[in-house]
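Residue strings, one per chain:
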Amino acid sequence: GTSWKMTIRYPGNVEGSRLRGQIRKNYSSDLLAEIGFSAGLFDSASNKTSFIASLNPGITRTIPPPPPNTFWLYDIVFYPANSPDILRILRGSVNVLQGITQV
């Protein structure tokens, strides 16, 4: 039940584009969580557009821990503003652990 955030920096000015991400138990299972994203913000000094990926406490509270030696799966896809192409930019595994620090 805590917040999670990560910054994703995409090369070039891609403001107006969007990202979408999901977490699932496996490739064909029901959705465990939808990752939220901020609108892209271009930084001319680095020539990159930054997106903030996030999960809020209400969402993280509902994601069950996987069985031992198992991970849930996630991916993030990029929808360019001026193209019909969809690009998978990240894919990986998620391990959900209970927190140690009491809040």
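Use the structure listed above.
In every chain, residue numbers begin from 1 and rise along the written sequence. Predicted model: local features are reported for residues with pLDDT of at least 70 only, side-chain atom pairs are reported and counted for 80 or more only, and whole-chain, interface and lining totals are derived from all residues. The basis for every side-chain value is the complete set of non-hydrogen atoms in the structure, without hydrogens or water.

Colleague: Looking at this structure, I do not really get the environment of Ser17. What am I missing?
Modeller: Only DSSP runs of H or I with at least four residues qualify as helices, and only runs of E with at least two residues qualify as strands; both kinds are numbered from the N terminus onward. Its place among the elements puts Ser17 in the loop between β1 (4–11) and β2 (18–24). With relative accessibility at 9%, the residue Ser17 sits in the buried group. Between the alpha carbons of Ser17 and Gly40 there is a distance of 7.1 Å; along the sequence they are 23 residues apart. Three labels apply to residues, based on accessible area from a 1.4 Å probe with only protein chains included: buried if under 20% of the type maximum, exposed if over 50%, partly exposed otherwise in between.

Colleague: Sorry, what's going on with the pattern of salt bridges here?
Modeller: Here the idea is simple: oppositely charged side chains can pair when their charged atoms come close. The working definition used for a salt bridge is a side-chain nitrogen of Lys or Arg within 4 Å of a carboxyl oxygen of Asp or Glu. A full pass over the atoms with the stated rule returns two salt bridges. Note that Asp75 and Arg88 form a salt bridge whose closest N and O atoms lie 2.3 Å from each other. Placement of the pair is Asp75 in strand β6 (residues 72–79) and Arg88 in strand β7 (residues 87–94), with a sequence separation of 13 residues. Exposure remark for Arg88: the relative accessible area of 52% places this residue in the exposed category.

Colleague: Help me understand the environment of Ser3 in this model?
Modeller: For Ser3, the location among the structural elements is in the segment before β1. Between the C-alpha atom of Ser3 and that of Ile59, which follows or precedes it by 56 residues, the distance is 8.6 Å.

Colleague: Help me out: how do you make sense of the packing of aromatic side chains in this one?
Modeller: Two aromatic rings are characterised by how far apart their centres lie and by the angle between their planes. Only Phe, Tyr and Trp rings are paired, with Trp represented by its six-membered ring, and only when their centres lie within 6.5 Å; those with planes under 30 degrees apart are stacked, over 60 edge-to-face, the remainder tilted. Inspection of the entire model under this criterion finds one aromatic pair. With centroids separated by 4.1 Å and ring planes inclined at 15°, the aromatic side chains of Tyr10 and Phe78 adopt a geometry described as stacked. Of this pair, Tyr10 sits in strand β1 while Phe78 is found in strand β6, placing the two residues 68 residues apart along the sequence. For Phe78, a relative accessible area of 2% puts it in the buried group. Only when the NZ of Lys or the CZ of Arg is both within 6 Å of the ring centre and within 35 degrees of the ring normal is a charge said to sit over the ring. Just above the ring of Tyr79 sits the side chain of Arg18; from NZ or CZ to the centre is 4.1 Å.

Colleague: Any chance you could explain the side chain of Ser17 here in plain terms?
Modeller: Contacts described as polar in this section are N or O atom pairs within 3.5 Å, which, within protein, must combine one atom able to donate a hydrogen with one able to accept it, while residues neighboring in sequence count only if both atoms come from side chains. At 2.9 Å, the side chain of Ser17 forms a polar contact with the backbone nitrogen of Ala81. Those residues in contact with Ser17, other than ones at most four positions away along the chain, are Phe51, Phe78, Tyr79, Pro80 and Ala81. Here a residue-residue contact requires only that any non-hydrogen atoms of the pair lie within 4.5 Å.

Colleague: Could you clarify how one ought to interpret the pairing of strand β5 (residues 48–55) in this entry?
Modeller: The two faces of the sheet receive side chains in turn, since in a regular strand these alternate between them. Two elements, β1 and β5, share eight bridges in a ladder whose sense is antiparallel. Within β5, the position partnered with Met6 by the bridge is Ala53. Whether two strands pair comes down to DSSP finding at least two bridges between them. Across three bridges, the pairing between strand β4 (residues 41–43) and β5 is antiparallel. Across the sheet, residue Asp43 finds its bridge partner in β5, namely Lys48. Counted along the chain from β4 to the antiparallel partner β5, the turn is four residues long, and its residue Asn47 has a positive phi close to 55°.

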